[in-house]
Amino acid sequence: MTAGAGVRPALRRLSGAPLGLLALIALFTILRPTVFPDPGNLSNLLEHIAVLTIVACAQTVVMAVADFDLSVGATASFSGVIAAQLLVAGWPTVAAIAAAMAAGVVIGVVNGWLVAYLKLSAFVATLASMTALAGGSLLLTDGSTIFGLPDDFLLLGQSRPLGIPTVVLIAITVGAVTWFLLSRTAQGRRWHAVGGNAEAATYAGIDVGRTRLLAFVVSGAGAALAGLLLSSRLASAHPTAGDPLMLTSIAAVFIGLTAAQAARPSVAGTILGVVVLGVLDNGLNLLDVNPYVQQILTGLIIVVSVGLSRRRGERP
Amino acid sequence: MTAGAGVRPALRRLSGAPLGLLALIALFTILRPTVFPDPGNLSNLLEHIAVLTIVACAQTVVMAVADFDLSVGATASFSGVIAAQLLVAGWPTVAAIAAAMAAGVVIGVVNGWLVAYLKLSAFVATLASMTALAGGSLLLTDGSTIFGLPDDFLLLGQSRPLGIPTVVLIAITVGAVTWFLLSRTAQGRRWHAVGGNAEAATYAGIDVGRTRLLAFVVSGAGAALAGLLLSSRLASAHPTAGDPLMLTSIAAVFIGLTAAQAARPSVAGTILGVVVLGVLDNGLNLLDVNPYVQQILTGLIIVVSVGLSRRRGERP
Amino acid sequence: QPPGAPAISVVTPYLANAATKDVVDKFTAIGERRGWQVTVTDTAGDFSMLNDKIQSAASRRPSAIVLAMGDPTQLTLGLKAAGDNKVPVFAIDAAQADGIAANVTSDNADLGRKSAAALLEAIGGSGNVAMFGHDPHPGVRARAAAARAEFDKAGVTVVTVKHVPVPGPVEGARKLTTDLLAVTPDLKGIWAAWDEPALGATQAIRQAGRMGIAVVGVDGQDFALAEIQKAGPFYATVKQDWDAVALKVADLITDQLAGKAPTQREYALPGTTIARTT
Amino acid sequence: MKVAKSPALRVTGLRHAYGRHTVLDGIDLEIPAGEVHALLGENGAGKSTLIKIVSGALRPSAGKVEVYGRGLTGVPEAQGAGVVTVHQNLGLVDGLNAVENMYLGRPYPRHGLFADRAAAHRHTAAALGALAVSAPLDVPVRLLSPVQRTAIALARAIEQKPAVLILDEPTASLTAHETTVLFGVVRELRERGTAIIYVTHRMAEVFELCDRVIVLHDRRVVARARPSETDPDALVALMTATEASQAPPRPPRPAGEAVLSVDGLTGNRVESVSFEVTRGQVVGVAGLGGSGRSELLRLIGGVQRARAGGVRCRGQSVRPGSTRAALTAGIALVGEDRRRHSVVASGSVRENLSLGSLTALSGGGLMRRRRELALYEEMTALLRIRAAGPEQPIGELSGGNQQKVVLGRVLATRPHVLLLDEPTAGVDAAAKQAIRSLIADLATRGAGVVVVSSDLSELLSLADRLLVLVEGRLAADLDPRKTDEFTVLRRCYGGAE
Ligand SMILES: Nc1ncnc2c1ncn2[C@@H]1O[C@H](COP(=O)(O)OP(=O)(O)OP(=O)(O)O)[C@@H](O)[C@H]1O
Ligand SMILES: Nc1ncnc2c1ncn2[C@@H]1O[C@H](COP(=O)(O)OP(=O)(O)OP(=O)(O)O)[C@@H](O)[C@H]1O
Ligand SMILES: [Mg+2]
Ligand SMILES: [Mg+2]
């Protein structure tokens, strides 16, 4: 047996993965030949998926250690609210951003501590922090939207140096860094090892608790960054602005996992998942179907496109 | 070496479990000594958790096979809408109920087929069906509330033979049946075996695909029943009425798992989880704190009460 | 529609809400009768996506964008894109803001005042009341503020203000009410910011047998009218005149197409109280 | 050059209890550098527990562990002191590939600032090559065979240049070939001054490889001896505290009608294999690692769908690709990897025993507790399973006892054809004997048995007929009474008659 025997199935697996996505793109290109493949539309599409990409990459890290983080959406909302309140209170932009990021890190530490050391299941721990944070955001804003944010803060989410939106650049950077962390560093291998078999990781001398905690810190920080971009993009902070990110970020990771038939979460798979969701949304919008029918189609197409990407084979 | 060595730790594990719940009850009894322990309030509490109990029990079955079902909330909404529309269209009550239950079963079969045979991850499959069903409910109702349901249908959710609400009786029955199914029947063993180690189950001659599919059928049927009770209770069907059941039903199972430090989901643990959530909600409502602070407290208390229930020990 | 027909994009985050759906449908019907090509997009509560949708719509340069019930303070990015593309944005039941040519709304303050007045009438002008609101929704927030001022003015005690969960407002309000009744034996009325929580409250009151407690809602939905007819706890609702709102927006767009800009930034249309007595 | 024999590892006054169940008490050990000490004991004697403590993975209830005089507390400290362990379950992460497992918890080699992945790849291939095993390096190790997985775990341990090396049943799933290579490596390490603890249930290995024998029984060390001062029977007697009884050689059985007919069976590796098993016959299958022995059993047992060919049981053709159909027809299979193929870790001993015969143990779909407990009693007695009770989680049993539970599960289905893949891997001498007589017993009662085992002497003594697989094809059909280990091995390598 040679190395070739292993390479070929891996290649086959990868080549199957974007099949569903390609089918989707082909479909929309045929149905809306002028609008969908237009560079302007594609650039819009990238901008629309940027924030989700960041959260989904952070979620990928947590899911690599076989946990998940339900609090990412609430953390994003919270970080946006914190930054906006500090900005409105007159803090310099950099300080407000730093404070919001610090809040994300603290939330990550708390989540990680609950899961890794208090041994609560990730679902319970992050559901609890999600609930508490949602309450916190509402309390801080009294349920209303904070607006009137300074212009330099708005640059973060709204500027387009060289025509490319800053959010897209940030998302690409986050994706690259997360990919590098997960697949090129010792820490990444520790995350995968703990996610694959925590007992074996312990035997190999890996500090499982710390490894797990660190993953939650990454997701807290990623969610906080996403929240900042979101409130900068919206030029306002709303106490529930980030909430939809929770389900979609987990969905993106799972779509990537399923479509790539991979055994473990990967940034590439996750980005595939984000793009599938983004293309689907964008394409169906362009088709102008009834919004309720659009929901039905979204469900059906997710199944078909993810199913298409699979060959007969093992379950991830 | 006697049987005692195995039984005692099991007993110890169980006795630790409701500690957090007892603390919660003690707290509210001290803070609201006249209102909280009042039989009227306790009966209200039971009625409030009845619908969630049904969905959470169904969810327990799916989680016993190590999957989960995100579509329970949307299925409940959908079943309520179906029944209401048929009733308004003049179908006899029994026929409308049967049709709604059949819809739940069909949804379960589709979910189960996607997961067990098309090998989509449960998250992707049930997220897709959740989305499609939500669109379906909205389309059927045109986004509005259906009302004017016949009186005999309302009996289901509103009658109180011998002073005990029918919904509570149904919830108790569903709990008992699910407990019986999971812990006393051959099918229950199959579910647990597939959830514990699907490959070993295959070697032992268990049809893993069918076992997994059946679990989804149970959850589809449970969700449909919950939707019927909900729309009967509310004398109306709203296209999103059941949606909150998704997250809370999974939360209840996880809280049960974590608190009981069990290796696998159990109906007893799930009901513990439902009661914890119910008591928390009821108690905090009675205290009349600021609604946002109430959310913060909910998050904190979930952590503390579940954490309290744990002794030093293994992670579930 | 003939090619070259004016294209109108309707965007909303709340199409699952019956009132929103109602007014959007009414507007669509009027628009199509006037030969427009109307498309509707919903984001199910997601404002980030709502911005994206407005941007996408703007890039297609329709004759006008209609924003139905979205908080414009969260939509600066989308509104800016519309402005950049010189697409006028008309709002239904949103708020005045930069980038919005005109906002046509039911007068939320009026709705709040009228519903509060109806509740005061039902409880005979004195006693304890509870309020059910949902602050993240600006219209609801404005109603609640106006109603609160009305109660304060009348010297009625607001014993508690509850936050109704969305989704699931009927069941949520029902539970809240049941628990509320247990701690407030002397409650006389419940003010709900829209009809669904009012329905939940009504059912809880009926089940508890405390039929003396009055409930009012806002929106004038069909089920609310049906409840009011039963002469139970559901005493009144304030119907928003969605026909008038939809017509007004359509007229503003017709003017716009003819090159006439709106004269006002906001058109607030009064509501109509529908009570047991009316 | 022999290094001076200073005690590399010292264990004093060690005690360990799981809950109230004390498994080790007052253990004192001293392993000098450059010696191999065999650690013997029956299933559940506490060998793996002792090893987990020495490697830092488990904290003892009392006592201490020192390496060259330094006290140890956790895995990182133990590793820092040069204690390297190959655990009984290998400690691999299934989803990672061979290279990643090789460097689990250790940094990759560096090339300047960056990790040198190519070098890591090369090292891994070389380290596996040194153990005479090749494996694809970039697929998840869960797709590899037990031989390959064992080799990865061993290679990882050896790479770390251990001062103290602990091997917990390393040869349980190795064939003769890899075992020989491994022994060479172990001897080399010994020469270089490594202190080695070697756990095994194969008596021959003790006499071939080890300098000393330590026997655990009833929580204590009951004997320390040089192999030259003792013999296998004496050791077995010490381990079990009973007299060893030699199994009488089996009389040849007359051929009856065929219970199992395999016709042109083809899978991924296996190619058109045909043979018949008659009533009362024990057929052994020999082959090198990767020759397709396990796949053959998987195809017959319905775990894997055949690409061609079919299986008949007692004349009835069996629906392919379904374990349920196979089991209904009377074909039962015990997989080779206990943790993966057999044990439902979240279940109790009782539930694991019942799993194969749920229908028989239930009435109207309802589990009959009485029948289940009767099965538990029957099987614990028959297989001498050491469990605290029917409700004990199976994960708490020692490896060997878990294997016995799985055997019990299969026996409970009263199969006509029993397919056993490495049934005695990790099973102690007494139980091995019990399993062998059980197989003989089943055959006598009319069942057909197909056994895959890497222990050739066992196969020769057990089987009525010996099939040899070479690269998925049936290469020889031998009579065990007229052949010897050398001949079989030669045929395994593809040698002609
Ligand atoms: N986690 C655990 N909890 C409770 N008891 C345990 C646990 N692990 C092992 N035991 C018990 O401790 C005893 C010793 O187990 P151990 O695994 O050390 O045996 P062993 O000598 O390695 O046996 P084998 O040869 O079968 O591998 C057994 O009786 C086993 O049931
Ligand atoms: N799912 C799989 N994907 C790829 N290769 C596989 C798979 N399963 C088995 N193989 C390969 O097929 C070959 C035959 O495997 P099999 O397990 O039947 O061998 P075996 O004779 O039992 O050897 P061993 O002693 O290693 O168990 C091995 O080289 C193995 O690596
Ligand atoms: Mg062992
Ligand atoms: Mg094998």
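Residues numbered from 1 in each chain as written. Chains lettered and ligands numbered in written order. Predicted model: local features only at pLDDT ≥ 70, side-chain atom pairs only at ≥ 80, totals over all residues. Heavy atoms only, no water.

### Focus: the overall build of chain C
So, point 1. Assigned secondary structure in chain C consists of 9 helices and 12 strands.
So, point 2. Taken over C-alpha atoms, the radius of gyration comes to 20 Å for chain C, in line with the 19 Å a tight globule of 278 residues would show.
So, point 3. For chain C, the C-alpha atoms occupy an extent of roughly 65 × 35 × 30 Å along the three principal directions.
So, point 4. Here chain C has roughly 9,400 Å² of accessible surface; of this, 52% comes from carbon and sulfur atoms. (Helix = DSSP H or I, 4+ residues; strand = E, 2+ residues; numbered from the N terminus. Rg over C-alpha atoms; globule rule 2.2 N^0.38 Å. Areas by Shrake-Rupley, 256 points an atom, 1.4 Å probe, with all protein chains shown as cover.)

### What about the site of ligand 1?
Residues and elements named next belong to chain D.
So, point 1. What surrounds ligand 1 is a group of 19 residues, the closest being Lys47, Ser48, Thr49, Glu396 and Gly400.
So, point 2. In the environment of ligand 1, an oxygen atom lies 2.8 Å from a nitrogen or oxygen atom belonging to the backbone of Gly44.
So, point 3. For the shell around ligand 1, the secondary-structure elements that each account for two or more residues are strand E2 (21–32), helix H1 (47–54) and helix H14 (399–411).
So, point 4. The element that contributes the greatest number of residues to the shell around ligand 1 is H1, accounting for 3 residues.
So, point 5. Each of domain 1 (9–240) and domain 2 (258–492) contributes no fewer than three residues to the shell around ligand 1. (Near = heavy atom within 4 Å. Polar contact = N/O pair within 3.5 Å; in protein donor to acceptor, adjacent residues only side chain to side chain. Domains from an automatic or database assignment.)

### Section: the interface of chain A and chain B
So, point 1. Taken together, the 44 residues of chain A in the interface contact 45 residues of chain B.
So, point 2. Between chain A and chain B the total buried area reaches about 3,800 Å² when both faces are included, carbon and sulfur atoms providing 78% of it.
So, point 3. Taken together, chain A and chain B are joined by 0 salt bridges.
So, point 4. Where chain A meets chain B, there are 3 residue pairs in polar contact (both at pLDDT 80 or more).
So, point 5. For the side of chain A that touches chain B, the elements supplying multiple residues, two or more each, are helix H5 (93–116), helix H6 (122–141), helix H12 (245–259) and helix H14 (291–309) of chain A.
So, point 6. In terms of residues, the side of chain A that touches chain B owes the most to one element, H6 of chain A, which gives 13 residues.
So, point 7. Here the residues of the side of chain A that touches chain B are counted per class, giving 27 nonpolar, 11 polar and 6 charged. (Contact = heavy atoms within 4.5 Å. Buried area = accessible area lost by both parts, 1.4 Å probe. Salt bridge = Lys/Arg side-chain N within 4 Å of Asp/Glu carboxyl O. Nonpolar A, V, L, I, M, F, W, Y, C, P; charged D, E, K, R; others polar.)

### Thoughts on the domain arrangement of chain D
Think of interface size as the accessible area that goes away when the parts come together; that is how it is often given.
Residue and element names in this part refer to chain D.
So, point 1. Each assigned domain of chain D is listed with its residue range as follows: domain 1 (9–240) and domain 2 (258–492).
So, point 2. Distance from the C-alpha centre of domain 1 to the C-alpha centre of domain 2: 28 Å.
So, point 3. Facing the 22 residues of domain 1 at the interface are 26 residues of domain 2.
So, point 4. Across the domain 1 to domain 2 interface the summed buried area is about 1,800 Å²; carbon plus sulfur atoms make up 51%.
So, point 5. The interface formed by domain 1 and domain 2 holds 2 salt bridges in total.
So, point 6. Across the pair Glu42 and Arg384 runs a salt bridge whose closest N-O atoms are separated by 4.0 Å.
So, point 7. Applying the counting criterion to the domain 1 and domain 2 interface returns 5 residue pairs in polar contact (both at pLDDT 80 or more).
So, point 8. Of all the secondary structure elements, the ones that give two or more residues to the side of domain 1 that touches domain 2 are helix H5 (146–159), helix H6 (176–191) and helix H8 (232–240).
So, point 9. Per element, the largest residue contribution to the side of domain 1 that touches domain 2 is 3 residues, and it comes from H5.

### Observations concerning the relation of the copies chain A and chain B
So, point 1. For the pair chain A and chain B, the best superposition has an RMSD of 0.1 Å and corresponds to a rotation of 180 degrees with a translation of 0.1 Å parallel to the axis. Such a combination of turn and shift is consistent with a two-fold rotation axis. Rotation axis and chain A: the residue whose C-alpha lies nearest the axis is Leu247 of chain A, separated from it by 5.3 Å. (Least-squares fit on C-alpha atoms with pLDDT ≥ 70 in both.)

### Details of the coordination of the magnesium ion (ligand 3)
So, point 1. For the magnesium ion (ligand 3), the full set of protein donor atoms is Ser48 of chain D (OG) and Gln88 of chain D (OE1), and the range of their distances to it is 2.0 to 2.1 Å. Remark: Gln88 of chain D occurs in the loop between strand E6 (83–86) and helix H3 (98–102) and Ser48 of chain D occurs in helix H1; sequence separation between them is 40 residues. (Donors = N, O, S within 2.8 Å, 3.2 Å for Na, K, Ca; no water.)

### Quick look at the interface of chain D and chain A
So, point 1. Taken together, the contacts link 28 residues of chain D with 21 residues of chain A.
So, point 2. The largest share of the area that chain D buries against chain A comes from Val93, Arg117 and Arg142 of chain D, three residues that together contribute 18% of it.
So, point 3. Where chain D meets chain A, there are 1 salt bridge.
So, point 4. When the shortest N-O distance is used, the salt bridge between Arg264 of chain A and Glu100 of chain D registers 3.0 Å.
So, point 5. For the interface between chain D and chain A, the tally reads 6 residue pairs in polar contact (both at pLDDT 80 or more).
So, point 6. Its residues assigned to classes, the side of chain D that touches chain A shows 13 nonpolar, 8 polar and 7 charged.

### Focus: the packing of helix H3 (residues 39–64) of chain A against H12 of chain A
All names here are of chain A.
So, point 1. Here H3 crosses H12 at 65 degrees, and the two axes come no closer than 8 Å. The way H3 lies across H12 gives a crossing that is right-handed. Contacts between H3 and H12 involve Val51, Leu52, Val55, Ala56, Gln59, Thr60 and Met63 from the first element and Leu245, Thr248, Ser249, Ile250, Ala252, Val253 and Phe254 from the second. (Axes fitted to C-alpha atoms, helices over the stretch in contact; angles between N-to-C directions. Left-handed = near helix turned anticlockwise from the far one by under 90°.)

### Description of the side chain of Asn44 of chain A
So, point 1. Within the secondary structure, Asn44 of chain A is located in helix H3.
So, point 2. For Asn44 of chain A, a relative accessible area of 11% translates into the label buried.
So, point 3. Setting aside its immediate chain neighbours within four residues, Asn44 of chain A contacts Ser56 and Ser59 of chain C. (Buried < 20%, exposed > 50% of the residue type's maximum accessible area, 1.4 Å probe, protein only.)

### Examining unusual backbone geometry
So, point 1. Here the amide bond leading from Val166 of chain C into Pro167 of chain C is cis, since omega sits at 0 degrees, within 30 degrees of zero.
So, point 2. Of note, Pro167 of chain C is situated in the loop between strand E7 (157–163) and helix H6 (169–183).
So, point 3. In the Ramachandran plot, Ala66 of chain A falls in the positive-phi region, its phi being about 65 degrees despite a non-glycine side chain.
So, point 4. Looking at the secondary structure, you find Ala66 of chain A in the loop between H3 and helix H4 (72–88).
So, point 5. Non-glycine residue Asp93 of chain C carries a positive phi angle of around 55 degrees.
So, point 6. Summarising the element assignment, Asp93 of chain C is placed in the loop between strand E4 (89–92) and strand E5 (102–106).

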